[in-house]
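# Descriptive structure summary
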Amino acid sequence: MTTPLLDITGDVCPMTFVKVKMGLQRVLPLGTLIVRLKEEALKNVISSLKTEGHRVTNVSREGTIFLLEVEKTTGATK
Amino acid sequence: MNEADYKELKKGGMMRQVEVGLFSVRLHVVGGRLSTPQLRAIREAADRFGRGEIHLTSRQGVEIPHVPQDALAALKELLAPSGVGVGVCGPTVRTVTACQGCRVCPSGVIDSPELACAVDRELYGKPVPHKFKVGISGCVNNCMKAEENDAGIKGWIEPRWEGSACAFCGICQAVCPTKAISTSGDGKALTIDETLCIGCGDCIASCPTGSMREKIRGYRVFAGGKFGRRPSLGRRILGVLQTKEEVMAAIVAVLGFFREHGKPRERFGDTLQRTGFPALETFVKERTGLQ
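Here goes a summary of the coordinates provided. (Residues numbered from 1 in each chain as written. Chains lettered and ligands numbered in written order. Predicted model: local features only at pLDDT ≥ 70, side-chain atom pairs only at ≥ 80, totals over all residues.)

Looking now at the environment of A:Ile65. All names here are of chain A. Positionally, Ile65 belongs in strand E4 (residues 65–71). When the 13 C-beta atoms within 10 Å are taken as the criterion, Ile65 is described as partly exposed. Measuring from C-alpha to C-alpha, the distance between Ile65 and Ile46 comes to 14 Å, with 19 residues separating the pair along the chain. (Helix = DSSP H or I, 4+ residues; strand = E, 2+ residues; numbered from the N terminus. Buried ≥ 20, exposed ≤ 12 C-beta atoms within 10 Å, placed from the backbone.)

For the rest of this paragraph, the subject is the sheet that holds strand E1 (residues 14–16) of chain B. Strand-to-strand pairing in sheets goes through backbone hydrogen bonds, with the strands running parallel or antiparallel. All names here are of chain B. Overall, antiparallel pairing links the four strands, which are arranged E1-E2-E4-E3 in an open sheet. Edge positions in the open sheet fall to E1 and strand E3 (55–56), since each of these has one partner strand only. In the packing of helix H3 (residues 72–79) onto the sheet, contacts are made with E1, strand E2 (22–26) and strand E4 (62–68), and the angle to E2 comes to roughly 25°. (Pairing = 2+ DSSP bridges. Contact = placed C-beta atoms within 7 Å. Axes fitted to C-alpha atoms, helices over the stretch in contact; angles between N-to-C directions.)

This part takes up unusual backbone geometry. Residues and elements named next belong to chain A. For the peptide bond that leads from Cys13 to Pro14, omega is 10°, which places it in the cis range. Residue position: Pro14 is located in the loop between strand E1 (5–7) and helix H1 (15–25). Of note in this structure, Leu30 is not a glycine but carries a positive phi near 70°. With respect to the element layout, Leu30 can be found in the loop between H1 and strand E2 (32–38).

All names here are of chain B. For helix H8 (residues 268–275), the complete set of buried residues consists of Phe268, Gly269, Thr271 and Leu272. Considered in projection along H8, the buried side chains sweep an arc of 155° and stay on one side of the axis. Where H8 is buried, its residues touch strand E6 (132–137), strand E10 (212–223), helix H7 (244–261) and helix H9 (277–288). (Arc of directions from axis to C-beta.)

Of the residues lining the interface, 10 residues belong to chain B; the matching set on chain A comes to nine residues. Listing elements by their share of the side of chain B that touches chain A, those giving two or more residues are helix H5 (171–175) and helix H6 (202–206) of chain B. Looking at the side of chain B that touches chain A, its residues break down into seven nonpolar, two polar and one charged. (Nonpolar A, V, L, I, M, F, W, Y, C, P; charged D, E, K, R; others polar.)

Written out as structure tokens, the structure is:
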């Protein structure tokens, strides 16, 4: 099964995190979601993910676009 | 009434209006915070002695305009039980402004209202060569415009890099608004340029591995700012301070410098133009032992 990819490069805060949250709803605990985002969304998205207990396990970049591999927390119910 | 009497009234927060015999009465407000009983007392005073009007000043102050001279004493008496005193004007330490701070604002780093009360208790109304304003921002978003004040304070997060878990993903460098973080020549270490860092903590909030950490969650002091006819911005002095007590010591020392070197009717920023900022820093460091 391929890892789901969520592209939020066209979104701005707070829709960036709303979409990540919705994307993670479709992932099982400890499953991975890849999020494609712009530099300016990094801080809010990552800090919100950390607050909710998710982990960013890998980061790669394509110029100013970042790809985050997000591992869903086991504690998440939704 | 002669000019000397007017001057005395002004020092006590009673400002002469254009209309002869009327005064705008400045009240003592700290950090823009008033309780509802205090607001009721102010309303009552404005209704009874003014024209039912209240003026909100640009620095979180409250004034009751249109008060006749012969009602000033009665107005003070009416307000006193609620704990609202009259303010100050003239060459004194003025209203201490503050945001809501870390107890209310999610961005808050320091308890700005608490610090404002401490500064107010120690310094409010004290005589200085020219008016001296203190403003306290709970974080570097700087809602209280620290650099516009003779002494400004900002909540500040100083980061440190802990290399063991760092994946060198580049996120901290991408989010840093001042590009203060750089990779060393061999690519195996990150360095933070303290002179560029603005203490926002974005690198810490966005680091996926926890390699960017808080070194100090504290205070930054700025000195010599003002607005008015010839605005100039305050500049940071000292390193990041860790406690409220250190900040108090720094501000008291800054005022000490102003008292020693300021000329009458000279704003602090202009004093510093004459003496240079290094003279202030040396003085404050010697007085406080802070670095």
